[in-house]
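# Results of the structural survey
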Amino acid sequence: MLQSLAGSSCVRLVEQHRSAWCFALLVLGYLLYLVFGAVVFSSVELPYEDLLRQELGKLKQRFLEEHSCLSEQQLEQFLMRVLEASNYGVSVLSNASGNWNWDFTSSLFFASTVLSTTGYGHTVPLSDGGKAFCIIYSVIGIPFTLLFLTAVVQRIIVYVTRRPVLYFHIRWGFSKQVVAIIHAIVLGFITVSCFFLIPAAIFSVLEDDWNFLESFYFCFISLSTIGLGDYVPGEGYNQKFRELYKIGITCYLLLGLIAMLVVLETFCELHELKKFRKLFYVKKDKEEDQVHIMEHDQLSFSSISDQAASMKDDQKANEPFVTSQSPTSNDSSLNN
C-alpha cells in the first residue's frame, strides 16, 4: 500500500516537473558531449603535435649547427617576428610577396567573413583605426546581416518548402507530416550536393594542395560559420584570376549560408521536432494564460464595439432623407 502510494507520488512529481528534468538531462548530455569531444581530439591530435614538435626541434638544431655565426637568441627573435607577421596574414616567403591582403577583393572577402561571423582569422586589421572601424562595422553589420538573412530565408522558404508540401498534401491527399519529412530529406540532400560535394570537387581542382576531404572540410567549416582558418582558398602564390576567384568565393559563402538556413528552418518546422523542442520549454503559468486570454478578450471586445460604432455612423451617413430631430421637438410633439 505504502509502496504504491510512494510510487504514484514519485510519478506525479516527475510529471509536474517534466520540463525541468528534461532540461537537466539536456545540460548533462551537452556537458558529456563536450568531454567526449575533448577526449577524442586529444587522443587523435596529440601524437601528431608531438611529432611536429620533435621535427621542428631537429630542424632548428641542424640550422644552428650549419650556421654557427648565428646565435640561438637571434634565431628566436627572427622566428618570433616572422610568426607575428604571419598571424596578421603577412608572409615572409618570396613566392607569397605578390599577394596583398587588403586590396579590394580581399577586403570584400574579409567583410563578408566578418558580417557572416565566419572569421577565418588569416587576415586581421593591422592599424588601430582599422580595429576600431572593425568593431563599429561589426556592431552595425552583424544585426543587419541577420535581418537580411532572415528576410531572404522567409521569402525563399514559402516557395521552396511550404507551397510544395501543401501542393502534395492537397492535390494528392498525402499526409502532411509524411510529405514534410520526405521534402526535408530531399532538400537536405540537394543542399549537400550543391553546396558541399560539388564545391569540394571544384576546390580540390583549383587548389593545388587540397584533396577532396580537405575541400569538403573547408566547405563545412565555412558554411557552419565555424571558420577555423586553417584552409582559406585563393591564398596560393600561383593562383590564377585571384580577384575573380575571391569574388566567387564571397558569393558562394553568402548563397551557401542562405541555403543552410533554409534547410534548418525546414527541419525546424517539422511536427516531430516541434514536439521534441517543447520538452525543454518552460510551461506558462495558468495566471499568465488567464491574463493573456483576458487581454485578448478585451482587445476583441473593444474592436467589435469600435466596428459597430463605425457601422452605425456609416448607416446614418448613407440615409440622406432621414432628418435628425432634437429631443425638445420630440417632447413638444408628444405633448400636443
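Counting of residues starts from 1 at the beginning of each chain's written sequence and follows it residue by residue. Given that the model is predicted, a residue must reach a pLDDT of at least 70 before its local features are reported, and side-chain atom pairs must reach 80 or more before they are shown or counted; all residues, however, enter totals for whole chains, interfaces and linings. As a convention, hydrogens and water are excluded, and side-chain values are obtained from all of the structure's heavy atoms.

### Description of a nonpolar patch on the surface
What counts here: For patch detection, residues must exceed 30% relative accessible area and be free of salt bridges, and they are connected within 9 Å for like charges or within 5 Å for nonpolar side chains (Val, Leu, Ile, Met, Phe, Trp, Tyr). Here the open area of atoms and residues is found with the Shrake-Rupley method and a 1.4 Å probe, where only the protein chains shown may cover a residue. Any Lys or Arg side-chain nitrogen found within 4 Å of a carboxyl oxygen on Asp or Glu counts as a salt bridge. Helix numbering and strand numbering both begin at the N terminus, where a helix is a DSSP run of H or I of at least 4 residues and a strand a DSSP run of E of at least 2. Three labels apply to residues, based on accessible area from a 1.4 Å probe with only protein chains included: buried if under 20% of the type maximum, exposed if over 50%, partly exposed otherwise in between.
Residues Val192, Leu197, Ile198, Ile202, Val205, Leu206 and Phe212 make up a contiguous nonpolar surface patch of roughly 600 Å² in combined accessible area. Of all the elements, helix α6 (residues 176-206) adds the most residues to the nonpolar patch, at six residues. Mapped onto the secondary structure, Leu206 falls in helix α6. Overall, the relative accessible area of 40% leaves Leu206 in the partly exposed class.

### Thoughts on empty space enclosed by the protein
Condition: Grid points spaced at 1 Å over the protein atoms alone were grouped into cavities, where a 1.4 Å probe fits but cannot get out, and pockets, open sets with protein on both sides within 12 Å along at least five of seven lines, with lining residues defined by an atom within 4 Å of a point. Grid points are joined across faces, edges and corners, and a volume is the space filled by probe spheres set on the points.
Scanning the model with the defined rule gives two cavities of 30 Å³ or more in all. Its volume calculated, the largest cavity comes out at about 50 Å³. Trp100, Asn101, Ser106, Phe109, Phe110, His122, Thr123, Glu235, Arg242 and Lys246 together form the lining of the largest cavity. At the level of elements, α4 (104-115) and α8 (242-268) are the ones that each hand at least two residues to the lining of the largest cavity. With three residues, α4 is the single largest residue contributor to the lining of the largest cavity.

### A short note on the environment of Leu273
The condition that has to hold: Note on definitions: a residue-residue contact is assigned when non-hydrogen atoms from the two residues lie within 4.5 Å.
Within the fold, Leu273 resides in helix α9 (residues 271-278). Taking relative accessible area as the criterion, Leu273 reaches 33% and is therefore assigned partly exposed. Sequence-distant contacts of Leu273, defined by excluding residues within four places in its chain, comprise Phe267 and Cys268.

### Digging into the confidence of the model for the protein
Applicable threshold: pLDDT: the predictor's confidence for each residue, scored from 0 to 100.
When pLDDT is averaged across the protein, the result is 80; 76% of the residues are at 70 or more. No element of the protein has a lower mean pLDDT than helix α11 (residues 327-335), which averages 40, and none a higher one than helix α7 (residues 212-223), which averages 95. Long-range and interchain partners of residues 297-305, a stretch whose pLDDT sits below 50, account for zero contacts in this model, where long-range means more than four residues apart. Contacts for the low-pLDDT stretch residues 316-336, under 50 throughout, to residues beyond four places or in other chains number one contact.

### Remarks on the packing of aromatic side chains
The geometry of an aromatic ring pair is captured by the separation of the ring centres together with the interplanar angle, meaning the angle of the planes. So the rule is basically this: Stacked, tilted and edge-to-face pairs are distinguished by plane angle, under 30 degrees for stacked and over 60 for edge-to-face with tilted covering the rest, among Phe, Tyr and Trp rings (Trp via its six-membered ring) whose centres lie within 6.5 Å.
Counting across every chain of the model gives 14 aromatic pairs. Between Phe203 and Phe218 the ring centres are 5.2 Å apart and the planes differ by 85 degrees, which places this aromatic pair in the edge-to-face class. Here the residue Phe203 occupies a position in helix α6, and Phe218 occupies one in helix α7, the gap between them amounting to 15 residues. On the accessibility criterion, Phe203 (6% relative accessible area) is buried.

### Considering the pattern of salt bridges
Per the stated rule, a full pass over the model turns up four salt bridges. Measuring nitrogen to oxygen at the nearest pair gives 2.0 Å for the salt bridge that ties Lys60 to Glu76. Taken as a pair, Lys60 in helix α2 (residues 18-66) and Glu76 in helix α3 (residues 72-87) lie far apart in primary sequence, 16 residues in all. Taking relative accessible area as the criterion, Glu76 reaches 32% and is therefore assigned partly exposed. Among the ionic pairs, Arg162 bridges to Glu269, the shortest N-O distance being 2.6 Å. In this pair, Arg162 sits in helix α5 (residues 128-171) while Glu269 sits in the loop between α8 and α9, placing the two residues 107 residues apart along the sequence. Note on Glu269: relative accessible area 25%, which makes it partly exposed. Counted as one network, the salt bridges with shared partners bring together Lys60, Glu72 and Glu76.

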